[in-house]
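# Fold and contact review
Okay, here's what each chain looks like letter by letter:
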Amino acid sequence: MASSLRPSERIVIVGAGPAGVSVVETLRLYDRDSEVVMLSSEPYLPYSPPAMVDHFLTGSGSHLWRSPEWPAQMQVDYRPGTIVTAVEPAKESGERGRLVLEGGQELEYDRLVIASGSRLYAPLPGADLPGVANFKSLSAAEALIKRVKSGAANRAVIVGAGFIGMEIALLLTELGVNVQQFEMLGQVMPAMLDEHSARFALQAMLQRGVVVQLETKVQAFIGEMQAEGILLESGEIVRADILIAATGVRPNLDYLAGSGVAQRWGVMVNDHLQTSAPGVYAAGDVIEAPDKLTGEAYVHAIFPNAVEQGRVVGLNLAGFDVRYEGAERMNSLKHLGLPILAAGLKDGDEVLHGRVDGGWRTLYLRHERLVGYQLVGDIRAAGALRSLLNRQQPLGTLKDHLMEYNFGQGSLVWASGI
Ligand SMILES: Cc1cc2nc3c(=O)[nH]c(=O)nc-3n(C[C@H](O)[C@H](O)[C@H](O)COP(=O)(O)OP(=O)(O)OC[C@H]3O[C@@H](n4cnc5c(N)ncnc54)[C@H](O)[C@@H]3O)c2cc1C
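Scope of this entry: the structure provided in the associated data block.

Moving on: the site of the ligand. In the region of the ligand, 35 residues are neighbours, and Ala19, Ser41, Asp285, Phe303 and Lys334 sit closest. A distance of 3.2 Å separates an oxygen atom of the ligand from a polar atom in the backbone of proline 18. For the shell around the ligand, the secondary-structure elements that each account for two or more residues are helix 1 (18–30), strand 2 (35–40), helix 5 (163–174) and helix 7 (303–317). No other element matches the 3 residues that helix 7 contributes to the shell around the ligand. Looking at the shell around the ligand, you find at least three residues from each of domain 1 (10–119 + 250–317) and domain 2 (122–247).

Structural data, given as structure tokens:
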């Protein structure tokens, strides 16, 4: 890496999520001179979405992971409640690009970072009816929790049992709401968990009082002026005080229409996280990033990837020449009362699984390399397994020890350089 700082310029970052914050904090390690403007469509200080459930459970405020002094410390012109509606990249080198903001004002930039994250994706008729809630942003979550805490609602229906749907179900149950959750596939968290881990997760959900109906397809949200219930494929109508869509996420890209920034489902980037437009980088849930294991580019939408991508963009903005190594697949369930952590792929040419110290461990191998793991109950081996997953070297004799209860903590592992 060789730093070659440019003369002072204006860098604009669209988005104040984990990706945007990571860009700023990395850039400022090397460059205190550039003018940095950060725009967020929401009216808050930067917040961490994974901490929202904790905050609504305990009132801890832990989701506000950066203090009110952060913008001044980072020398950032922080503009909450500012929505970008269009981007016009520079046409010639030496020219500035332009952003159009809601209300019609314009903002010029020398270099731009697209870190606008993702929002709810609910391809169901009626999903846009007033009264269909979601938990994808702090604004949406606050509106939902306000209704719950007003006491006006004690019965909720959640469509989708993916990661975010599970988190909301547990939160609302904890807040005293009766929750009924519908999932069209045959297991919870189908994108991350294998069938076996999913059974443990389902069991824990049921014990916590969440009613989960698998293999139940929801056709639509129904209601005239306001959502009142859901229509199941069977023809049955289920009514509730609170209706929540947790059917997936999609990148926030609307404002990029006509900008020339190449995109498919997400913004397309090269190995330095540059977009097709000159001087425009992108990071976080908004991009299609290559998977570290398979090379396949898609939207990964998890916190550690957003932070790492932000770091790479920050370094490249600061004049270093840094390649992005690829995104990891990983997720964990924090509020189940039973720790569950899944990473990598959930199939292989060899599968090791079994009870480990009261928990359950499943390891997926391909060509003698670890390509995925699922840990239920006891997640202490996670660090060492992650290291093996990232290294992608043949396991050799280490394979015989992978299922040992203290794998990842014993001297053997450290001697092998994990
Ligand atoms: C409830 C919940 C729990 C989660 N838990 C976990 C977890 O446990 N582990 C994990 O790894 N991941 C988790 N995630 C996912 C993780 O939060 C995201 O991957 C991460 O927030 C992505 O960061 P980001 O900066 O790319 O986007 P976001 O966090 O979505 O931030 C996007 C920013 O862009 C702004 N923006 C959008 N459009 C515009 C516009 N037009 N103009 C101006 N600003 C705009 C928004 O206001 C926001 O500031 C969770 C997500 C949710 C919702």
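Let us look at the pattern of salt bridges. Here the structure, examined in full by the defined rule, presents 22 salt bridges. Glutamate 174 is paired through a salt bridge with arginine 208; the nearest N and O atoms lie 2.8 Å apart. Of the two residues, glutamate 174 is situated in helix 5 and arginine 208 in the loop between helix 6 (195–207) and strand 12 (211–213); the sequence distance between them amounts to 34 residues. According to the relative accessible area criterion, glutamate 174 is partly exposed, its value standing at 48%. For arginine 208, a relative accessible area of 29% corresponds to the partly exposed category. Among the salt bridges present, the one from glutamate 328 reaches lysine 292, with a minimum N-O distance of 3.7 Å. With a gap of 36 residues between them, glutamate 328 in the loop between helix 7 and strand 22 (330–333) and lysine 292 in the loop between strand 20 (287–290) and strand 21 (297–298) connect regions that are remote in the sequence. Look at the salt bridges and you will find they share partners, linking Glu88, Arg98 and Glu106 into a network.

The next thing to look at is the packing of aromatic side chains. Following the criterion strictly, the structure yields 6 aromatic pairs and no others. Between the aromatic rings of tyrosine 121 and tryptophan 265, the centroid separation amounts to 5.1 Å while the plane-to-plane angle is 85 degrees, which identifies the pairing as edge-to-face. Of this pair, tyrosine 121 sits in the loop between strand 8 (118–120) and strand 9 (132–133) while tryptophan 265 sits in the loop between strand 17 (249–251) and strand 18 (267–268), and the two are 144 residues apart along the sequence. Note on tyrosine 121: relative accessible area 28%, which makes it partly exposed. Taking the ring centre of tryptophan 65 as reference, the NZ or CZ of arginine 66 above it sits at 4.1 Å.

With that out of the way, let us pick up helix 4 (residues 138–149). Between its first and last C-alpha atoms helix 4 spans 16 Å; for 12 residues at 1.5 Å apiece the expected length is 16 Å, and the two agree. Here helix 4 has its buried residues at Leu138, Ala140, Ala141, Leu144, Ile145 and Val148. When helix 4 is viewed along its axis, its buried side chains cluster within an angular range of 155 degrees and face the same direction. In this structure, the buried side of helix 4 is in contact with helix 2 (52–58), strand 9, helix 5 and strand 16 (242–245). Two residues or fewer past helix 4, glycine 151 is found with a positive phi of approximately 85 degrees.

Counting 53 residues, the largest nonpolar core has Ile13, Met38, Leu99, Leu112, Ile114 and Val267 as its most contacted members. Those residues within four positions of isoleucine 114 in sequence are excluded, and the remaining contacts are Val14, Tyr255, Leu256, Val261, Thr275, Val280, Tyr281, Ala282, Ala283 and Val286. Core analysis: the second largest hydrophobic core is formed by 44 residues, Ala161, Val188, Met192 and Ala204 among them.

Right, let's get into helix 8 (residues 382–391). Within helix 8, the full set of buried residues consists of Ala382, Ala384, Leu385, Leu388 and Leu389. End-on view of helix 8: buried residues confined to an arc of 165 degrees, all on one side of the axis. The first or second residue beyond helix 8 is glutamine 392, which carries a positive phi of 50 degrees.

Definitions and limits used
Residues numbered from 1 in each chain as written. Predicted model: local features only at pLDDT ≥ 70, side-chain atom pairs only at ≥ 80, totals over all residues. Heavy atoms only, no water. Near = heavy atom within 4 Å. Polar contact = N/O pair within 3.5 Å; in protein donor to acceptor, adjacent residues only side chain to side chain. Helix = DSSP H or I, 4+ residues; strand = E, 2+ residues; numbered from the N terminus. Domains from an automatic or database assignment. Salt bridge = Lys/Arg side-chain N within 4 Å of Asp/Glu carboxyl O. Buried < 20%, exposed > 50% of the residue type's maximum accessible area, 1.4 Å probe, protein only. Phe/Tyr/Trp six-rings, centres within 6.5 Å; stacked < 30°, edge-to-face > 60°. Lys NZ or Arg CZ within 6 Å of the ring centre and 35° of its normal. Expected span 1.5 Å × (residues − 1). Arc of directions from axis to C-beta. Contact = heavy atoms within 4.5 Å. Core = buried A, V, L, I, M, F, W, Y, C linked by side-chain atoms within 4.5 Å.

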